[in-house]
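Coordinates in review
Each chain, written out:
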Amino acid sequence: MAFDKDAIISQLKDASITDLNDLVKAIEEEFDVSAAAPVAAAGAAGGDAGAKSTFDVELTSGGAGKIKVIKEIKNITGLGLKESKAMVDDAPSIVKEGLSEDEANDIKEKLEAQGATVTLK
């Protein structure tokens, strides 16, 4: 008898939750395996990957080149001069939120080049 993957998948689609639960238990007993262990490992790995998908750029300190940092904040955020100055004066403050790692590192490099202290969260 040949292994017919498509027929098995079709039968699984039509099965009830109770039937699928019984199938899992039977497979665990027959092959002496546990379906719970791989699921827990996949969940732990997925949790780490999900935690680092977006980054926030936080201005920790304006540093010695405060005017240059204000101008760079203005360019990055599109805020006015007054709002950019307030962000630098009120540090620590979030410059941008929900960025990819590359975007966040780019902004961090630009601000640090002007003398600011920046952290990624």
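A brief report on the enclosed structure follows. (Residues numbered from 1 in each chain as written. Predicted model: local features only at pLDDT ≥ 70, side-chain atom pairs only at ≥ 80, totals over all residues. Heavy atoms only, no water.)

The next subject is the overall build of the protein. Helix and strand counts for the protein stand at six helices and three strands. Beginning at the N terminus, the succession of helices and strands in the protein can be written as α-α-α-β-α-α-β-α-β. By residue count, 17% of the 121 residues in the protein fall in the buried class. Within the protein, residue pairs in contact and separated by at least 24 positions form 64% of the contacts whose partners lie at least 6 positions apart. In the form shown here, the protein has an accessible surface area of approximately 8,600 Å², with 55% of it arising from carbon and sulfur atoms. (Helix = DSSP H or I, 4+ residues; strand = E, 2+ residues; numbered from the N terminus. Buried < 20%, exposed > 50% of the residue type's maximum accessible area, 1.4 Å probe, protein only. Contact = heavy atoms within 4.5 Å. Areas by Shrake-Rupley, 256 points an atom, 1.4 Å probe, with all protein chains shown as cover.)

This next bit is on the pattern of salt bridges. Within the structure shown, the criterion is met by four salt bridges. One salt bridge connects Lys110 with Asp106, and the closest N-O pair in it is separated by 3.6 Å. One end of the pair, Lys110, and the other, Asp106, are both in helix 6 (residues 101-113), four residues apart, so they sit about a helical turn from each other. Taken together, the shared-partner salt bridges connect Lys66, Lys85 and Asp89 into one network. (Salt bridge = Lys/Arg side-chain N within 4 Å of Asp/Glu carboxyl O.)

Along the chain, Glu72 falls in helix 4 (residues 66-77). No salt bridge is formed by the buried Glu72; its nearest oppositely charged neighbour, Lys110, is found at 5.0 Å. Excluding its chain neighbours within four sequence positions, the residues that come into contact with Glu72 are Lys110, Leu111 and Gln114. (Lys, Arg positive; Asp, Glu negative; His and termini not counted.)

Here Ala91 and Pro92 are connected by a cis peptide whose omega angle stands at 5°. Tracing the sequence through the fold places Pro92 in the loop between helix 5 (81-89) and strand 2 (93-99).

What follows concerns the sheet that holds strand 3 (residues 117-120). Paired through backbone hydrogen bonds, the strands of a sheet run either parallel or antiparallel to each other. Read across the sheet, three strands follow the order 2-1-3 without closing on themselves; strand pairing throughout is antiparallel. Strands at the two margins of the open sheet, each flanked by one partner only, are strand 2 and strand 3. Looking at each pair of strands side by side, their axes are set apart by 20° on average, direction ignored. Of the pairings in the sheet, the one linking strand 1 (residues 55-61) to strand 2 comprises four bridges and is antiparallel in character. Along strand 2, the bridge assignment pairs Phe55 with Leu99. (Pairing = 2+ DSSP bridges. Axes fitted to C-alpha atoms, helices over the stretch in contact; angles between N-to-C directions.)

Turning next to a nonpolar patch on the surface. A cluster of nonpolar side chains, namely Phe3, Ile8, Leu12, Leu23, Ile27, Phe31 and Val33, defines an oily patch on the protein surface of about 680 Å² accessible area. At the level of elements, helix 1 (5-14) and helix 2 (17-31) are the ones that each hand at least two residues to the nonpolar patch. Residue placement: Val33 occurs in the loop between helix 2 and helix 3 (36-51). (Patch = residues over 30% accessible without salt bridge, like charges linked within 9 Å, V, L, I, M, F, W, Y side chains within 5 Å.)

Okay, the nonpolar core next. Of all hydrophobic cores here, the largest spans 16 residues; its most connected members are Val57, Leu59, Val69, Ile73, Val95 and Leu111. Among the secondary structure elements, those contributing two or more residues to this core are strand 1, helix 4, helix 5, strand 2 and helix 6. Leaving out residues up to four positions away in the same chain, Val95 has contacts with Val57, Leu59, Ile73, Ile76, Thr77, Met87 and Leu111. (Core = buried A, V, L, I, M, F, W, Y, C linked by side-chain atoms within 4.5 Å.)

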